[in-house]
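Architecture at a glance
Residue-level listing of the chains:
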Amino acid sequence: MAATPAPPAAPPKPTWDPRKVEPPFPWLRPTIRIRLTLLYGGMFLIAGILLLSIIYLLAAQALNVGSELPFKIVSGRVESKVCELPSRASPDEFNAAMNACVNEQRQHALDNLLSRSLLALLGLAVIAFAFGYAMAGRVLSPLGRITRTARRVAGTDLKRRIELDGPDDELKELSDTFDEMLDRLERAFTAQQRFVGNASHELRTPLAINRTLLEVQLSDPNAPPELQQLGKTLLATNERSEQLVEGLLLLARSDNQIVERKPVDLAEVANRAVDQARSEADEKGVEIRGERGLAIVQGNGVLLERIALNLVQNAVRYNVKEEGWVEVTTEAQHGQAVLVVTNTGPVVPAYEIDNLFEPFRRLRTERTGSDKGVGLGLSIARSVARAHGGRIIAEPREGGGLVMRVTLPI
């Protein structure tokens, strides 16, 4: 028995987007180019008509159209109130005097016409500039709306949309494209936040279980020394993995702008970081000093404390073996809060400074093991500083060590 052929699959339903439907007459689309052409052409035409009308009226007034002649015949003689005509003269002399009178009146009319035309042109220019400025503002107002929305979006307010109304022109198309881009960005950031939350749980749980099992095994007094040493090694490796996971998650979270901001004293943040690093500094014989003045910023206190702690810990760990010191200062200057961490240490070439801020990069090493950290401290510090609208700059210190300067807007 022959197999029954499968029914043909239904074709996929086309998605219809009203914004992508072609108009019946594309050349009649009210684009910005056509609107500006009509606007400038209409303004030129109106200005030309007004100027011609004014010149015509001025010319008619200057030539005294409809008025009496500047001379008249009285009792067989020619008299004039504006010209001096000889009472007794030959016909040639009399004609020459009349020509001179007419030419003088013409020159006077032309001078009067020129001066009044210049005044009319100046007035029309002022009106044209004012009208053009107003119309340009009206035409470009959608661009201002797009710019304001982009600035709000730069503050991580991804829920805002332009939703521009009006004719289907280039600005409307730009607005719709920008809104589509914001939709994709919002979905991407939401997915990233969801991934960070899930990864935080999925990565921390097995590491915490491993740590608990190792600690239980190490607490057994009957365990052989070899097993105790192996457990300590595995516990140190597990702790390093936990630090790496925490650093990666913090780096992913701090890459975004800080939405909820509160007043934070940078001096208090630095003092807490110094207190946490004090025991390690005492073990290494490193002196921590410096005056920390009041410097209030708007931000997240936990993330700002992470900046200070990472900088202080790096300054303590990468220091000289004898007579080393770390100076931590805070102050407010020129509308900014400044945190400066200076330390003694090995000489750092200037061309190596940028590499220090890359993840898993250390001085003269790359992605190598170290008992001093996981290579994310400065990367996290730079990411948190950027999220707060600030920046961090590293400079080699004369004689060895670094000067780390963090500037944040107040």
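Criteria and thresholds
Residues numbered from 1 in each chain as written. Predicted model: local features only at pLDDT ≥ 70, side-chain atom pairs only at ≥ 80, totals over all residues. Heavy atoms only, no water. Axes fitted to C-alpha atoms, helices over the stretch in contact; angles between N-to-C directions. Helix = DSSP H or I, 4+ residues; strand = E, 2+ residues; numbered from the N terminus. Parallel < 35°, antiparallel > 145°, perpendicular 65-115°, else oblique. Left-handed = near helix turned anticlockwise from the far one by under 90°. Contact = heavy atoms within 4.5 Å. Core = buried A, V, L, I, M, F, W, Y, C linked by side-chain atoms within 4.5 Å. Buried < 20%, exposed > 50% of the residue type's maximum accessible area, 1.4 Å probe, protein only. Salt bridge = Lys/Arg side-chain N within 4 Å of Asp/Glu carboxyl O. Phe/Tyr/Trp six-rings, centres within 6.5 Å; stacked < 30°, edge-to-face > 60°. Lys NZ or Arg CZ within 6 Å of the ring centre and 35° of its normal. Nonpolar A, V, L, I, M, F, W, Y, C, P; charged D, E, K, R; others polar. Patch = residues over 30% accessible without salt bridge, like charges linked within 9 Å, V, L, I, M, F, W, Y side chains within 5 Å. Areas by Shrake-Rupley, 256 points an atom, 1.4 Å probe, with all protein chains shown as cover. Lys, Arg positive; Asp, Glu negative; His and termini not counted. Charge placed at Lys NZ, Arg CZ, Asp CG, Glu CD. Pairing = 2+ DSSP bridges.

Structural notes on the packing of helix α5 (residues 266-284) against helix α6 (residues 301-317)
Between α5 and α6, whose axes approach to 8 Å, the crossing angle comes to 25 degrees. Between α5 and α6, the angle falls in the class roughly parallel. As α5 packs across α6, the resulting crossing turns out to be right-handed. On α6, the residues touching V269, A270, R272, A273, Q276, A277, E280, A281 and K284 of α5 are G301, L304, E305, A308, L309, V312, Q313, V316 and R317.

Section: the nonpolar core
Core analysis: the biggest nonpolar cluster contains 42 residues, and L311, V328, L339 and M404 have the highest contact counts within it. Of all elements in the fold, only α5, β4 (286-289), α6, β6 (324-333), β7 (336-343), α7 (377-387), β10 (391-396) and β11 (402-409) reach the threshold of two or more residues within this core. Per element, the largest residue contribution to this core is nine residues, and it comes from α6. With residues up to four places along the chain from it excluded, the contact list for L339 reads L266, A270, A308, L311, V328, T329, T330, M404, R405 and V406. Counting residues in hydrophobic clusters, the runner-up holds twelve residues, among them L39, L158, I162 and L171.

Side note on the pattern of salt bridges
Scanning all chains against the criterion turns up four salt bridges. Note that E305 and R272 form a salt bridge whose closest N and O atoms lie 3.9 Å from each other. Remark: R272 occurs in helix α5 and E305 occurs in helix α6; sequence separation between them is 33 residues. Looking at E305, the relative accessible area reads 19%, which means it is buried. Its relative accessible area of 43% is what places R272 among the partly exposed residues. Linked through salt bridges whose partners overlap, the residues forming this network are E268, R272 and E305.

Re the packing of aromatic side chains
Think of a pair of aromatic rings as described by two things: how far the centres are apart, and how the planes are tilted against each other in angle. Enumeration according to the criterion identifies zero aromatic pairs in this entry. Positioned above the aromatic ring of W325, the side-chain terminus of R289 is 4.1 Å from the ring centre.

Re the packing of α6 against α7
Packed helices, taken two at a time, are described by their axes: the angle between them and the distance between them. For the pair α6 and α7, the least separation of the axes is 9 Å and the interaxial angle reads 145 degrees. Remark: the crossing between α6 and α7 carries left-handed chirality. Only G377, L378, I380, A381, V384 and A385 of α7 make contact with α6, whose side of the interface consists of L303, L304, R306, I307, N310, L311 and N314. Within the contact of α6 with α7, the residues separate by chemical class into nine nonpolar, three polar and one charged.

What to know about the environment of V216
Turning to its location among the elements, V216 is positioned in helix α3 (residues 170-218). The exposed category is assigned to V216, whose relative accessible area is 51%. In this structure, the C-alpha to C-alpha distance between V216 and G231, residues 15 residues apart in sequence, is 9.9 Å.

Quick notes on a positive patch on the surface
Judged by side-chain charge, R145, R148, R151 and R152 come together as a positively charged surface patch. Turning to its location among the elements, R151 is positioned in helix α2 (residues 91-154). On the basis of relative accessible area, R151 is assigned to the exposed category, the value being 64%.

Points about the sheet that holds β11
A sheet is described by the order of its strands in space; here five strands give the open sequence β4-β6-β7-β11-β10, paired in mixed fashion. Only two strands of the sheet have a single neighbouring strand rather than two, namely β4 and β10. Within this sheet the neighbouring strands show an average axis-to-axis angle of 15 degrees, counted without direction. Of the pairings in the sheet, the one linking β7 to β11 comprises eight bridges and is antiparallel in character. If you follow L339 over to β11, its bridge partner there is V406. Along the sheet, α6 contacts β4, β6, β7, β10 and β11; its crossing angle with β7, the most-contacted strand, is approximately 20 degrees. Across the sheet, α7 touches β10 and β11, and the angle it forms with β10 is around 135 degrees.

What is shown is where atoms sit, not what they do.
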